[in-house]
Each structure stands twice: as C-alpha cells, then as structure tokens.
Amino acid sequence: MKAIAANTASDADDAFPLTPNSKSSLHFASKGAGLRNPGYSPESKRDDSVAHSPSNGAEPQIPSYPAEGEHGDLPHRRTTSFEDQMLFDRLSGRSVDLNTSETVSEMVKDAYMSTLQDLSSTSFQCVIQYLEAVRERHRMLYHAACWEVSEHARREALARSMREDSKTTFLKAEQEVRFLLELFSHRLNVSGHPAAQYSAEFRDENRASIRRADAVLALLNGAKEIRTANNCLVDSQHTLGSDSEMPETDQVDVEMGSGSGADYDPEYGALSIGRIPRSLDNIEPSPDDLNHSDSAAISTSQTAPLPARSRIQRILLTLRDTLKTTFNSFGVCRLYPRRPSFEPDQFIQSSLLAKTSPIATSSSTQGVDSPPRVFALPYPFPNMSIYRLMSWMHSGGNLLSETKVSHLVKDVILADDFNRNDFENFSVRRNLRELDMDESGKRVTFPDDWVQTDVTIDIPTKAMEDGPRPYTIHGFHYRPLVEVIRAAFADVQAGAYHLLPFKRLWKDPLDGHEERIYDELYTSDAWLEAQDDIHRLPKEPGCSLERVIAGLMFFSDATHLANFGTAKAWPLYLYFGNLTKYARSSPKSGACHLVGFLPSLPDSVKDILSSLSGISKTGMASLHAHCRRELFQSCWGILLDEDFQFAYRHGIVLKCADGVMRRVFPRIFTYSADYPEKALIATIKDMGLCPCPRCLTPKSLFNFLGLSRDMRNRVANLRQYVMTRVVKARDFIYTNGNTVDGVKVEHALGEGSWVPTLNQFAQKLGPLGFDSFRMLVVDFMHECELGTWKALFTHLLRLLHALPRGSELVAALDTRFRQVPTFGNGVIRKFSDNTSEMKKLAARDFEDILQCAIPVFDKLFPVEHDPLVQSLLYRFAEWHALAKLRMHSDSTLKFFEGSFKKLTRTLREFRDNTCAAFNTFELPKEKAARQRRATQRSEMNGTIPESSGPRTKRFNLATYKFHAMGDYVRTIRLFGTTDSFTTQIGELAHRALKAFYPLTSKLDTPVQLAKHERRRRLLRRVADVGGTQPSSSQPSAYAPPSESYEKHHHIATTWNNPVDIFALMRENDGDPALKIENFIPQLKDHIIYRLRELDVSYCDHMFTNEERNSVVIPNNVIYSVQTMQVHYTTYDLRREYDTINPRTHGDVMVLSGETNPSHPYWYARVLGIYHMEVWLHHGGQPVKRSLEVLWVRWLAAIQGYRSGIQHARLPKVGFVEESDRDAFGFLDPGQVIRGAHLIPAFAAGRGVSSLGYGKSLARPGGQLDDWEEYYVGIFVDRDMFLRYTHFGVGHSPMLRKIIRDCLGSVSVMDNAIEGNEDNADHEEAGDGKGHEYDDEEEEEESDDDGYEVLGDRELVQDEGAMAQDNDRDGYDGDDQSDYDDDLSF
C-alpha cells in the first residue's frame, strides 16, 4: 500500500486514512460522542488457529527498555489515543475512565501483568502487530512533518509544532512496543514456538519496522520450550477477562485504518482496520497475498469459517516531494514533480562542452576499468611540439582561414613547450599511425568506438521452392548506443545535463494569472510522462538509486560531401535532450554524437533483381523499394541491440557529473528527418494513400485542412503498428511467393499505406511502451520553408506569369527584392539578382523571402485579388513566426491555433478565387526539370522522351506538407518548441563531415570519415585528461554575459572623429536637416532635458534662450562614433543586441510619447551617433557631464491606414515633412528599444514630399529623394513579432501593458478566438471541381528537392538522389563562416 503526503499540514493528515491512533479519534472522544468499540469485548474469545513450525532456538536477549520518565524532556500525553486506552481496558477487564491520570505504560503493564497466565502467545502477537502499525503511522507523520518544516519556511512555526508533536507520539508508541516486547520475551521462553516463523515473515514484509521485528525474531529463536499445538489451541480459546465466546479471526490486520478510528465489525467481532487508500477496500486480494489457516485440528462446530485476509503488508510512505521555486523577476518559476538531486551548472564554457573523458581500454586490456598509460601527455606523440601541431591539424578541415592560422600561431608556435628541434625527421604519416596504435602496436579502443559489421537482407524470389535469396551489404559502421550514452554521461558536458524534468510556469506581472511555458524537451509533457513511467517500473533487486532519463534525439539525412561528383554519406546523429537546446543547436558545442553511417543499396543489387523471373518493371521498382526498406530497418535492428533493450527496460547505472550513481533509462523522444526518411522509419509507402507517418488521415481528406473535422480525425486516427498484418503479408511474400505489390499482400496489409517490412522500433521497443510514430516530429525546414511556403511562392510566380505583361511584373518583383534593405547580422541578407529564378536558394533564403514578401508583392496583382494576396502573405508570415518561436506559453499556443485556422481559411479562399481565375502553367525552371527527369527515365527504359510544352499547374492543398501544418501545436505541447528538434541542427552537423572528406583518399568513405572522427575524439579526450585546452578553443556559450551586455547600450568612447558644430553647418549650408534655427537649439534643449533629469513630458519642450545659454559645449566640438550596440532582453529571456549604423542599419524604434497612442512605437532614422563633454550652469557651481546623443530623422504613422493583426496588414510609416520643427531632432540612446527593419512601400514610389530634392545628410546613401512610405517589418525575427503583441515573457511589463492598451488585447486574442470557431466547417474543401489532387505537382514539385518528392516507383531511379545538396535545402550552404570553426563533433 502507498500513501501520498500532500504539501501542507492539513493535506498531510487528510491524505493518510486515519488509524485508530488518529487526531479524529481524540476529537470524538473529547466531545463525549459514542465511542466505537475497537477491540475485544469481555465476552470475546480468541482462537489461535494458526499452526507454525518450530524455529531453531537461541538464548533469549531481553531488549533494554528505558525507564518511565527517561524521556522526561518530552511532554507526556495521557494516551496515544482513546481507542488504544479502551483496547487495553478491554484486555484487562477494567472499566473505561476518561479522566484517569495513569500513563499508558502503567495501564498496559497492569493489564498484562494481571492476565499474564491467561493471555495466549497469539494474542500477544496481535497486540504487538497492532502497535507496530500505530508506531509506523506516527513515524510517517513525523518524517512528513520534518519535510514540511524544511519546505515551507513561511509556515515554520506551525510545522515545528507538528513535528515535535509527531515525534513525541512516535517515541511514545515505540516505548510501548518495547515494553510489550519485553513482556513477550518472558512469555515465549521456550524453543520451537509456532510464532517464530510468523515473526520471520512479518520482518521480511514490514521492512519499515525491521529493527523491531528483528528483536522479536531474536527472542523467538532463543526460546527453549514451546507449548504443544493442543495447548496452544486451548490457550487461544481462553477469554481475556470473560468466558463468553467471540467469533474467530485468523489475525488482526495491522495496516493503517481509515475513518476516524478502528471500527468494530459486527460480522467478525474483530478489529476492522480499513486499508488505504479507501477506494481499494473492495479489491479482492491476490492468491499470493492470502494467509489461509492450515490448522486441521479446529472443528467447524467450534469455529466459524475464517475470512480470507491479506497477509500483513509493509507500509510504504511515498512522499510526492514537489518543489516549486520562487518566481524570478520575469515571473517565471519551475515546478518539479520530484525534488531534483542535481541542478546543472549555471555557466559552463563551450570549450568544455566539446571535451570528453570516458574510459578507454587497450585492445589487450578489454574490461579493465582504469585508463591505460597512453593518456599521459603528449600521448601518443614523442613531445609536446608534435602533439600541439597534430592537435591543430585535426581541429578543422583542409581549408586555411585567418582564424585557423591565428590558432596555429597562438596554440602551437607561441606555446611555452614548443621547440622547433623536435621536428627533426618529422613525418605526418608516421605520427598518424602512432595516433591510431598504442606503444605495442595494438589499436587503442574506447567502449564507444566504431564497429563495422555486415547487413544481410532476404530478397523475395517469387519461387516457393527456392525461398528468399540472402543478400549481404558490407560496411555498416556504427557506435553502440549504450556505450555512447555511457561516454556522454562521463563527458564534461554532462555537467549541463538536466536529469529531472520540470514544468516552467509564468506568472504574468500584468494581471497575476499563471500559465505553462513550453521550450525545452526536458520541460515537455513527453519527458514528464516518461519520468512517471520509469518510477512505476518494478525496482531492481537491491537497487535504491535515483532513476533518471537520458533523452535521445536522433537525426539522419543523406548529404553530398562535395560540390562535384557523386560522393555522399548517410550519417546518423544523436543528441541528448538533457542539454539545453541553445547549446545543443550550436555546431560548435560538441553536443552532436555521430553514431553511424547508414549504408545504401549498392548498384549490384539491380543485377540480382533483373535475374529474377516473372517480375514486371513495376514489380521490379517495388521490389527495389522493398529491399531498401529492409536494409534500413535491418540497420536499426543492429543498433537496437540486446544491450539497448536491456537498458531501455532496466536502465544502466552510471556515475553522473556530480559524482552520484544513478540508474539512467534511455528514452527515444524525437527522430528528425525529411519526409522520404520518415516513410522509411514508419514503414509506410512514400506518398501513399495515407501518407502521414503520424495519423491515418487519407490523402482525400487533406483538403479539409484546419477544419474541426480534420483536427478531430488526426487525434482519433493516430497510427498504431499492425504487426499481425505485416507478418501475414511477409508470409505471402517469403513463403507463398507473392510479389511485394501483389493483391494478396495489399489485402493483408489493409488500409494505412503499410509496407511488408517489420518496423524494428515497434518490434523491439513496442512491447516496452514505445510509440514509434509519435517520435516522428514535424520537420519545419523541409515541410514549411522548403515545402508549403516554397509551393505557395512558386504558385504566386505562376500567377504573375499568367497575368497580362507577366514578364514585366516578374522583373519588377526581382527589382523590388534587390532593393529590400538588409537587417542585423545575417538576419535579412541581400537578395540575389533574380529571386524569381530560385537558383540555389537555401531554406534561410526562402525564410527571408517570406519575411519581406508583403511589400514586394504589394499592388502587383489586380485590384480585386491584391487584398487577398496581401492577407494570405500576412497570415502565412504570422503562422511562420509562431511556429518558430523558441518559447511558447498557453496564450501563444492558443494564438497559434487561431492563426492556423485563419491561414487555412485564407488558403482555401485564395485557391477557390484567385487561383481559379487564371490558367497557370509550369515555370521555365519547372519545365526544364521535368524534361530532365523524363530524359533520365527514357535512358533507363530505352524509350524516346516525349517533347511537350508547359503543363498546367494548379495550387494544391492536398499534400502531406500542408497536412503537417496541423500537427505543430500538439507537437509543441508534447516535445517543446520546434527549434529543439528542427532538421536544421542536423544539417549544420554535416559541416564536420564535409571538412573531413577532403582529408580522405575518397575510397571507402565511411571508413575514412569514421577514422577522422575517432582521431579527433581521441585527441580531445587526451586533452581533457591532460588538463590542456584543445586547439581552436571556442568562445563561451555558457559564459556569463559581459558587463556591456548588462547595460542598455554601448557606444565606444573614442576621440578620433571630432566634429565642429559650426564648421559642420557651414559645410552643409542650405541642407534642411541642418537648419541653424533648429539644430543648435534642439541640441541644447535635449541636453537640458537630459541633465536636469526632467519628466518625459519635457522631451520636446522648448527652453528659453537664457536656459540654453547655461549649456556650454567646450570648443563647440562633439565626437562622432560609427556604430552603437543596443542590448535588449528577448521574449525567451536571452540577451541580444542590434547594431545601429547610420550608413547601413540606421532605423530604430522607441516607445511612443503620446498619451493615448494609436501605435505603440515611434520610428526614427539615425543620422549620427555622438558623445560629448558638456558644462551645465544651473544656479550653482557648473557641472561637467558626459553625454551620448543620437541625431535622428523622425517617421510618423500614415494617417487613415489600418494595420495590425486584426486587419492582417503591416504598419506603415513615412518621414515627417521638413516644415515640421520635429522632423529632425535628438534622441537619448537609452530610449531606443531595438533596431527597426523598414522596407520601402514600393507601390507608393519615391518622392520629395517630406524633404526637398537634392543631396542631404538626411539621405546617407547619397540619394536625391526618398521612398514616400515604408512598411515596418514586424516579421523580421521572432522577438520583433512578439513586440507587437503582449505575449513576450521576457519583455518589460510596462512595455507589454502599453502594447496591450494600444493595440488592444482584444485585437490579438480575437485572432485566436475567431480562429477557434467552427463556423468554417461548412466551407467546400476539395469538391473535385478543378481542385483534385495533382500527382504531377507533388512528384515534380521542385528539382531542388530531389529525392524528397519521389514516390515509391521512383526509388529505383537514383539512390544518390537522397543525398540532397545542403546548398539547396540546408542552412549551411554559405561561405560566411569556415568549416574549420563550425565542426560539430
């Protein structure tokens, strides 16, 4: 039985069903209520009917018993409870006296001494067991009270009182038990007593009282004599002070009771002490728990049938040690379901994150725990000079960069132990051999080293008499998963692992409501559920170690290793979700574990397939796809070996970073891959009738995207593996000789697009509760940025081509993209010359296109369609921003759900109205790609390719990638935000392999790549053991922020660029930006406002000339600075900065100064950054101050223009006219919130309405005019988007309140409320009129996606197509950073 203690004192008492020794019993007694008879009546008669075997005797040992009053410092209560007192009164035959001052010990002693000769041994045993339960009850209360004292500081006084009270009661109960044991030892002064065996069982099952039970057992084993069974039977029939009979019972249940006391059971006449919890009273005990009487000497006429009673159970106290931390300054706290025993270090340098220190063993000393001597520096080289040089050599790729040469000089040449004489007769090849071998010439191996094995699959032959033909694929290289886990937990990086999950809660400072935050994997529902599951597992024998989880996150994707040629690899990466995603996602963190190279089917398999008779070409393609699935699943069958299954079930004992041994259970949470690989993992058909790997929604229902019926179908039709069907289908193939795509096989598999391949995840881990389909998380990079958004953007281009003068419109679109300004450090990059051609665009490029598409497409479509296109682009950008949030809350998820439903409604409207109004055809690029594929197919089949013109293309919502958009909210709730498991992380990990590849001989690539990975791992372990920093040490990822980051902004104090104010005005005479009547007065007004620290209402105040004369600028010189850094806290509690440069990124946003603003921000363009020394004469001694100012040109909101989430329009601003005195001014850098991304409103054109024609300092680029209007790019990044809502957890409460009051919480939440309405279910979603599923579009969606869009019938064409070029679908196809500095492992 288990009891759960609550967090408060009252809850603690309520959670434990009350025993006879409870507070409620005292309450009833004190009121004089009818006391229920808990024990034996004077007329009762005991029957000791249980026969026991004698036990070997020993000399009795009388336990020492403290004298009455030995615990005199503890207050004595009159009795433990009134029920106990009445029990003893009944036993002794005395009347009940509630006012007696006699202590319990005296009462008990008198009672038993007076009936010493009449009391049977079994009666003694029952009383002892009962009081043991009472003692255990108070022990639990005492420990619960102790825990509450330490946990609830604010209730310390009450908790201490409860603890002392419980302690006193506990000691009193133990004192009573000791006294009874002393008496009992005298009575059982004979050997072989039948109670000996019973006490032994009592000791084993009641471990909580084992010390007391051991004392009983010692007394019983030491007894010399025992009465016979007949005498025992006679004694058991004696009354306790009366001759009347009582119904028999085999024993008294000693478990804790329920209710206010021990109820008298009229049916049995014995103590009916209820079990806990109360709801389990009526559950029948198992046969093993029944303790039947085996006494055949008792006549049925003398005794009633004995009721079946469960054996005495040990009493377990399960404390739900919940811990809730205090709310920090952001209102965020942690709620731990179990008190954590280890908290990761707050700051760990990333240079340590890349270091490892697992135990290595020599090939001749396998199994030895101590590391061999080879780890002594400069192992394995003769001196430190060569060691440093070879470490530098393996620190990066083959490309030299400025950074790498700097590391060569710093880490090697300038090292104190460097000696050029050490390089005499130096040989790189010889030292590499030394790196691979030890002193004896044997390979030094680590437990997690690479293993090479062969994989054998069975190829169906369609011949029943011959059976399947085995085919062996050589060279599967992998690292055992269990050993990788051991190595990871021995790594220095393990100091940053979160071992216990928790919920992150946010208390909104605006209104005080609390809600859940979703960010990391270890704060997700999946991890919390898994932690509860492992605590429900049976305990390992003799193991009381804490149970924790190793959260496994897999990623695999084929990649090209070079820009030219066919060299490719299919790596399998492993990440640990215990590490924060901010470190795990960095390619420099060393968090990536390369655990395998998945092999591809060799071309020679085609020879075997072509030799099979009776198989058509279609059947050949299906058979080839089947063999490929078999190979993939066979590789995972090797990885999920017996060791991993045992660890999955029983855990592995590891020493964690804090030196504490824990039992670690590996759990697979996510597997990130693109769609074709998801189909391989889920063992379903690629683009089958039910293409989703997570649910069984048929493709015909994909048109209902976002409707309520669609969301219900997803949850109701989750995939569950059909093992029986698959086995039956395989029997048809391998036993009966049916083809893989035959009718019988398809009928056996049934609906669901299943394939006749055994899913190793379901087969090996399914019985342990693992869901192999839930781990297949959404792939934001491939499915959205390279999927749905790319498809939408492509169709928008088709529509432009279909319009009159379409070529000119597309050219205008390219021109606009080229004029979009950049933002941040690579956040928005310069667009290529012709964006419409989509040449070699990576996912990040498509993301930039989406974030800037609204101003670019503005007014390109006809008037009747342009508003819908603008709304669609806004809704898609909004959904994209929410999907990429790195921190979600319950509010943002609700907002996300509403945004998704609005987006899908707009998509259907766009399809049914705008798309239906035009006949769209393939783009030239699409036509060329289709013809190229057709040529390849014709060469394989020996046919002549058909020449045709452009094909008609329709906008198609019935694709898996659009369908996957509906799974994001559920996935985020389950596994955390998408940036934790995006395939972008794995794409970045490919950089290391691409850096290794030029160092190989280009033969047997997996072997060579594994060798280089091992060398780097070995050198890092040597550096770790030797205490040296590895070469090319990385900047700190966990280092505490520098002092400048804590400040709001940073402007360099440099005196190199002095600016004479009057000389500046003379040089730019006539420039409206430098009007003498405005510039100097405004500057002095700003200085007075700043130095006097006036209220914000004075920011635009015009001071008198006398006040202005009090400001003195020495020599009228100010100092110009090129850039300024504005530091800010992001919505996800990170510190970031924007660089403000008047020449490139000069736009900033500040909080609106209006009393009731219609928009929360003002915008300005920084024209100059200055600092100066000023003197202020203000009624006393002049004060010298240093001051930093920004010279800005203000922008104002366009009057009458409606924007915001409710209207699905970006904010629009324009420059203030020069005639306004406030068109130019000065700004305190401390008022800048962030840099702003202002995109020209290209449709409004350029003009001179705000500033006269000509060159001006207000136009840094040298332009002669300005854009008339600008769109505010609120989607430029995720933090910027949330600054236009009030959902930013890390944003200032004051700022959030202004935004909520300004934009209105109604307008933001209406998006969620309207989106959650079900009134869209009446829409026609795919009525078959011109919107049927377009197979050609899905298969030929893009030549860039390669294998990603191929169906099962295409698998035979190109095995190498799966190795997608990262320049097209990755985030690393840019040369802005060298491979040398971005290696993952």
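Structure's up top.
Predicted model only: the values in this text are computed from it and were never measured.

### Details of the environment of E785
Reasoning step 1: By the element assignment, E785 lies in helix α25 (residues 780-802).
Reasoning step 2: Since its relative accessible area comes to 1%, E785 is described here as buried.
Reasoning step 3: Sequence separation between E785 and R844 is 59 residues; the distance between their C-alpha atoms is 7.9 Å.
Reasoning step 4: A polar contact is formed between the side chain of E785 and the side chain of H880, at a distance of 3.1 Å.

### Quick look at the side chain of E783
Reasoning step 1: Tracing the chain through its elements places E783 in helix α25.
Reasoning step 2: In this structure the side chain of E783 is engaged in a polar contact, spanning 3.3 Å, whose partner is the side chain of K678.
Reasoning step 3: For E783, the contacting residues outside a window of four places in its chain are K678, V778, T788, Y960, K961, A964 and Y968.

### Comments concerning the nonpolar core
Reasoning step 1: In terms of nonpolar packing, the biggest core is built from 134 residues, with W789, L800, F857, W879, F910 and Y1163 touching the most fellow members.
Reasoning step 2: Setting aside residues no more than four positions away along its own chain, W879 makes contact with F780, C784, F896, S899, F900, L903, M965 and Y968.
Reasoning step 3: Listed in part, the 82 residues of the second largest apolar core include L572, L654, I684 and L776.

### With respect to the pattern of salt bridges
Reasoning step 1: This model, assessed by the stated rule, comprises 46 salt bridges.
Reasoning step 2: With a shortest N-O distance of 3.2 Å, D858 and K859 are connected by a salt bridge.
Reasoning step 3: The class for D858 is buried, based on a relative accessible area of 2%.
Reasoning step 4: Across the pair R886 and D1132 runs a salt bridge, and its minimum N-O distance is 3.1 Å. Taken together, the positions of R886 in the loop between α28 (866-883) and β20 (888-889) and D1132 in the loop between β25 (1124-1129) and β26 (1135-1140) put the pair 246 residues apart, joining distant regions of the chain.

### Section: α28
Reasoning step 1: Between its terminal C-alpha atoms α28 stretches 26 Å, which fits the 26 Å expected from 18 residues at 1.5 Å a residue.
Reasoning step 2: Most of α28 sits inside the fold, with 17 of its 18 residues counted as buried.

### Description of helix α22 (residues 723-734)
One full turn of an α-helix is made of 3.6 residues, so residues set three or four places apart face in the same direction.
Reasoning step 1: When the terminal C-alpha atoms of α22 are compared, their 16 Å separation across twelve residues agrees well with the 16 Å that a helix rising 1.5 Å per residue should span.
Reasoning step 2: Burial in α22 covers these residues: V726, A729, R730, F732, I733 and Y734.

### Remarks on the sheet that holds β25
Reasoning step 1: The sheet built from three strands is open, its strands ordered β21-β25-β26 with antiparallel pairing. Unpaired on one side and paired on the other, β21 (1049-1050) and β26 mark the two borders of the sheet.
Reasoning step 2: In this sheet, β26 lies alongside β25 in antiparallel orientation, the contact comprising six bridges. Within the sheet, the bridge partner assigned to Q1125 lies in β26 and is T1139.

### Observations concerning unusual backbone geometry
For residues other than glycine, phi is negative in most cases, and the peptide bonds are mostly trans.
Reasoning step 1: In this structure, R805 takes a positive phi of about 55° despite not being glycine.
Reasoning step 2: By the secondary structure assignment, R805 is in the loop between α25 and α26 (806-818).
Reasoning step 3: A residue is classified by how much of its surface remains accessible, and R805, at 62% relative accessible area, is exposed.
Reasoning step 4: Even without being a glycine, M838 presents a positive backbone phi close to 50°.
Reasoning step 5: Within the element layout of this structure, M838 appears in the loop between α26 and α27 (843-857).
Reasoning step 6: Under the relative-accessibility criterion, M838 is labelled buried at 4%.

### Things to note about the environment of C656
Reasoning step 1: Within the fold, C656 resides in the loop between β18 (652-655) and β19 (661-672).
Reasoning step 2: On the basis of relative accessibility, which here comes to 6%, the residue C656 falls in the buried class.
Reasoning step 3: On a C-alpha basis, the gap between C656 and V492 in space is 10.0 Å, while along the polypeptide they are 164 residues apart.

So, how was this worked out
Every residue gets a number counted from 1 within its own chain, in the order that chain's sequence is written. In keeping with the model being predicted, local features are shown solely for residues with a pLDDT of at least 70 and side-chain atom pairs are shown and tallied solely at 80 or more, while totals for entire chains, interfaces and linings include all residues. Hydrogens and waters are ignored; side-chain quantities use all the structure's heavy atoms. To qualify as a helix, a DSSP run of H or I must reach at least 4 residues; to qualify as a strand, a run of E must reach at least 2; elements of each kind are numbered from the N terminus. Think of it in three bands: with a 1.4 Å probe and only protein chains considered, a residue is buried below 20% of the maximum accessible area for its type, exposed above 50%, and partly exposed in between. Here a polar contact is taken to be a pair of N or O atoms separated by no more than 3.5 Å, where protein atoms must pair a possible hydrogen donor with a possible acceptor and residues adjacent in sequence count only if both atoms sit in side chains. Contacts are residue-level and defined by heavy atoms, with any inter-residue pair within 4.5 Å sufficient. In this description, a nonpolar core means a group of buried Ala, Val, Leu, Ile, Met, Phe, Trp, Tyr and Cys residues linked to one another through side-chain atoms lying within 4.5 Å. Within this document, salt bridges are pairs made up of a side-chain nitrogen of Lys or Arg and a carboxyl oxygen of Asp or Glu, the two lying within 4 Å of each other. Every helix has an expected span of 1.5 Å times one less than the residues it contains. Only strands that DSSP links by at least two bridges are regarded as paired with each other.

Nothing here speaks to function; it is all geometry.
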